[in-house]
Structures are given as C-alpha cells and as structure tokens.
Amino acid sequence: MQFPPASVNQFFRTYQITQFAVSDDETRLYFNTNMNGTMNIWALDLPDGFPYLYGATGQSASFIQPDPEGRFTAAALDDDGDENYQLYALPPEGGSPSLLFDTEEGEKHFVHEIRSSGDVYFASNKEQAAVLSGFRKNIFTGETEKLFEGAEGATFIKAVSPDGQKTAVTELRSNSHLPAYVVHGDVRKPLSMNPEGVHSTGDAVFVSNDALYMTSNEGGEFHDLWYIDLHQGTRKRVMQLSGENVEQLKWHEESGSLLIQTSKGVRDYLYLRSRDGSVEQLEAPVDVIEQISLAKSGAVYVLGMKAVDPVNIYKYERGTWKKITKNEVPGMKEEQLTAPKTVQYESFDGRKIEALWFQAPADADNGHVIFWPHGGPQAAERSQYRAVFQCFLNEGYSIFAPNFRGSTGYGASFMKLVEQDWGGGPRKDCVAGIEWLFDQGYCDPGRLFLIGGSYGGYMALLLAGRHSGYFRAVVDIFGVSNLFTFIESVPDHWKPVMASWLGDPVKDEARLQRDSPVTYLSSMQQPMLIIQGANDPRVVKEESDQIADALKRQGTKVDYLVLDDEGHGFSKKENEVKVYKRILGFLREHQQSSEE
C-alpha cells in the first residue's frame, strides 16, 4: 500500500515542554506543555503512566514545584505571553489554579523556590521596577520579609541556604557582567573576587549553611565550578573543563554528589561529581539540555532534545536512560529527519565562525537556501529540534545558521563582541557567511531567503536594508526595527543594562542611527513578511508596526501578521502552525522561477 509523503502537519504535531518537576517520592511527573494546543500543566504517574491534564492553566509556566507535603503544586504563570509571572497553587490531584497572593498591575515575580514551611523565595519588581528586590513570603500566614534590595542591576536569587537565612544572588549589570553576593540579614558580601571587574556568575547551590558551589568565569573565558566556604572566607576552583561552560548544578545531599550540566558550542554535556572530587561523565541521551533534576533516590531527570528528536523528559538510573515522554514526529523515525553538519568559515577579520548547515534531502531539494540568524543576540543556534526546520527541509529548503560574534558557547570574549556593536561585527559575520555559501557552492546567488526572530529578526531587517541584493525575500519575526524606540520600550528591569548592552541614545546617537534597520528603509525592496505577538514585552508591537507601515508607504510588498494572544514566541499550537504555514506559502510564492 502506498502512503503519501510526510506533510507539514506531521512536523507540527510535536509539542513544547518548557518546565518539569518530579514529586519527592518519584510517583508523579509534572510538566508544562502545549500538548493539547495551549500551554497547560500535565502530569504522568511514574514509572509508566499515561499523561493527563493536571492543571488547566492555559498559560506558560516559568516554575513548577510540588509541595513536599502533598498539599498543593505551585506554578508561576503569565498571561498570553506577557511574562508577568504570578504564583498560583493547584490542588494536589489537579484542577484550576488559585492565585497565592495579590499583586499590582504589571508586577512580576521571579520565583526561586517554595519550601514545606510555605516560605516562597522570589525577586520582584513591586518596589523597584528596574533593579528588583528579594522577598520571602509565607503563603499560609501572609507574612512577608524583604531579604535584599537591588542596587546596580536586576538582582536574582540563585540559591537559598538549608536554614533559609542566606541567599546567593547575582546582579545583572550587563549580560557579561553579573557579580554574585551572599545576603544574610542586613549583611551583603561579595562571592565574586572583584565585583567591579567584568565577569559573570551563574548557577549556585548550597551544600550546607556555610558552603556552596557556584559557577563563574572570573579570571577566565568559561564558567568553571567554584567551592566557597563562607565561614572560612575561602573560594577554590574545583572543576575546569577546556572550552566548556558549567551551566546548571543540582546537589544530592544524601550522597554528597553534584550533578553538572555544561555547554560547548552547539552541544551540552552531563557530569556527576562525587564527594571525593572524582568526576564521571554521563552519556546524555540528547544534544541540548534545557533542565536537569536530581531526585532523593539519586535518579537523574533531564529535559532535552536533538536536532532530529523533539524535546522530551528522560530518566537515568543504574546506568540506563529511559525516555519518559513520547514526543515524536508522527510516522517519522530519527533517521528520516535531517541532522545538521557543523562547519566553519572565516569572517572579515580572520575570526573563525561556527555554523550549522542543514542540507535538504536530495529527493526534495529545490535549490533554495534559508539564511537563519539566531536570536539573543547572546545566545546560539544549537543542535536542537525545530519543527519549522524539519518542515523547511522536507519542503526542499536547506538552512544555514551561523553563530556570529556575540554568540554564547565560545568564551566570554567572543560573547562580549556584540555589546555596543549590534549592527557591526555580527552583521559582517553574516555577510561573510553568505559569501562563503556562494563560494562553496552551497547556494546559488538569487536563491537565498532570509528569516530571523527576535535579534535574528533585527538582523534580518538590517541585512535586508544594507545588503538587499543577496535575498529573494525576507521574514522578520518580532524583530527590532528602531534601536532608539527599542531602548525606551524594553521591560523596566532591562533598562539599567541597555547602555552597556546596546548604547546610550544621546552619547551613541550616530552609531545607533547607523545600526537601526529603519535607517535603510529605501533599500528594502524585497517582499517581506512580518510577524508579531501583540503582548510581546521584549520587542513590543510598535517595533513591527513602524517598519510595516513605513514599508507599505514606500510601496514595498509587505504581509503583516499580528497574533493577538501571543508574546515573544508561540505558546499556542494553532498560532505556531498558522505562522509557519504562512511562511511556507510566502517562500513558495517567491522562489526563483525556471525562467529566471
């Protein structure tokens, strides 16, 4: 019997999983997913239960934690992508969420943890919109205590001591300058050797009331693992891996071991550090790890994916990995999907740039290539599953995704290169990548499309304005169009870092003008599709409105799609499918014809 080839709908039948938690007794797994079309909290009874709807929230969750006493499950939920997360409780056997404490309009909480005592530790903008303050609030008594006040940047809780008296915090002065402190009552002491020196700290975990592990790149290019003894006032680097950033930490009190996730370029790795300091690498079942968890039993849980395998939750026990969730492309095996090849090319100044090349299957290849600048900008394109990538490939489009300067995973110095240079070096790296594609025969001139989202949308607009001759058509997904209006409209807790990250509107006026896509409107003659979430708090709708309106006025062909119930991304499956079908139709319409 003959069946039709894979269709667009098959690739979009996969779903997102963005957070998970496991009950203390490991009888239930909770996870945030849009499995039924919208984001809700689902559960699965371990070890082999079938997933069921646990909390009909209809919203994205940034935090999930079941109460150790089994009285409720806590979750931080936003409202249609606005990222103003509030803390809710769900009944122990599931149901509708109840708000745990009242908030003012626009107030947002960054929840770190909730303890069996009912104490919630969180940072909030309710007193200081720009720099955040830290609080402990008991959900049973309503008693609230202010733990710290932000000073020079948004301050986030990274770890809380077992007795609840000390908090390890990081202060966001820029994306590459995040010093760490420990706060105990009115005393705030640096965990960094020199808080004023440019460096970043990351995850932290207390192992006792007076000792903790912390990640930091202070004095180096990559985040290493440090052990800090607060009582003795000493710090020691205890783990350093060549070219790898230590990212996530989970402490196992019963065995005195530490679960460690690292990143290097486009892939992630897992290690287990024992009490005696020995380190064992665990062969991860995925290439990109989103979240890790370490149960009291010692079992390891991982949320992750590969380019050819959608995001899933896995359990590692007694030397074996088990895939708990079954998020797969219907009717497609891994070997039928396309994995990327990692390539390198030389940029304008001799710097080597790493990129991912996805070659369309030979029987589908239509000769066109999609150039995909990633978002961030201090992020990276990695070996992760993207439904839209596999859809593009199935339709015959190859994909080139460069990790231009400013990308993470290649050292602190490389990441800093984008700061106050959004439209300079990274743009030139993209141009060098395009020329490399042509020189290597990966793409014929005249067959290149340009698609990007967030910072990638900004870069798509800028390339369309400054290098329009390269592209047949352009897709901008919630991209920044005007750096001046962007600086004014970002969330309040971003504003202290904008001068160091992007620039000062007065002092750097000439550069910001030069690097704003709206400066080059007259050069944007290619057909363009612009997509925007109405509730986007990062790149607000006005960024897309102004570029769409201006292009229409000058006669450029523009399609503009606004999603009224989305923010900076697509949490609802219906919207995701609508967007990417629209993109596919747009690309099909503007392919090079046989007469050209």
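Parameters and conventions
- Residues numbered from 1 in each chain as written.
- Predicted model: local features only at pLDDT ≥ 70, side-chain atom pairs only at ≥ 80, totals over all residues.
- Heavy atoms only, no water.
- Core = buried A, V, L, I, M, F, W, Y, C linked by side-chain atoms within 4.5 Å.
- Buried < 20%, exposed > 50% of the residue type's maximum accessible area, 1.4 Å probe, protein only.
- Helix = DSSP H or I, 4+ residues; strand = E, 2+ residues; numbered from the N terminus.
- Contact = heavy atoms within 4.5 Å.
- Pairing = 2+ DSSP bridges.
- Phe/Tyr/Trp six-rings, centres within 6.5 Å; stacked < 30°, edge-to-face > 60°.
- Lys NZ or Arg CZ within 6 Å of the ring centre and 35° of its normal.

Next up on the list: the nonpolar core. The biggest cluster of nonpolar side chains holds 60 residues, and the ones touching the most others in it are Leu29, Phe392, Ile451, Ile531, Ile583 and Leu587. In terms of residues, this core owes the most to one element, helix H10 (residues 573-589), which gives 7 residues. Discounting residues that sit within four places of it in the chain, leucine 587 has contacts with Ile370, Phe392, Tyr397, Phe449 and Ile451. Counting residues in each nonpolar core, the second largest holds 54 residues, with Ile353, Trp357, Phe414 and Trp436 among its members.

With that settled, the discussion passes to the environment of alanine 6. Relative to the elements of secondary structure, alanine 6 occurs in the segment before helix H1 (8-11). For the pair formed by alanine 6 and glycine 164, sequence separation is 158 residues and the distance between their alpha carbons is 54 Å.

So, about the environment of tryptophan 42. Relative to the helices and strands, tryptophan 42 resides in strand S3 (residues 40-45). Along the backbone, tryptophan 42 and alanine 159 are 117 residues apart, and their C-alpha atoms lie at a distance of 27 Å. Discounting residues that sit within four places of it in the chain, tryptophan 42 has contacts with Leu29, Tyr30, Phe31, Thr33, Met35, Asn36, Pro51, Tyr52, Leu53 and Tyr54.

Here we come to the pairing of strand S14 (residues 166-172). Taking burial as the measure, the 7 residues of S14 include 7 buried ones, the bulk of the element. Residues Lys166, Ala168, Thr170 and Leu172 point to one face of S14 and Thr167, Val169 and Glu171 to the other, with burial holding for every one of them. Relative to S14, strand S13 (residues 154-160) runs antiparallel, the two being bridged by 6 bridges. Residue valine 160 lies in a different strand from S14, and its bridge partner there is threonine 167. Linking S13 back to S14 in an antiparallel pair, the connection comprises 5 residues, with glycine 164 at a positive phi of about 75 degrees. One ladder, built from 5 bridges, connects S14 with strand S15 (residues 180-184); its direction is antiparallel. Across the sheet, valine 169 pairs through a bridge with tyrosine 181, a residue of S15.

Another point: the packing of aromatic side chains. Taken as a whole and judged by the stated rule, the model has 31 aromatic pairs. Ring geometry for tryptophan 422 and tyrosine 458: centres 5.6 Å apart, planes at 65 degrees, overall edge-to-face. Highlighted residues: tryptophan 422 in the loop between helix H3 (412-416) and helix H4 (425-439) and tyrosine 458 in helix H5 (residues 455-466), separated in sequence by 36 residues. Here the basic side chain of arginine 235 rests over the ring of tryptophan 226, its NZ or CZ set 4.4 Å away from the ring centre. The aromatic ring of phenylalanine 348 is capped on one face by lysine 428, whose charged end is 5.1 Å from the ring centroid.

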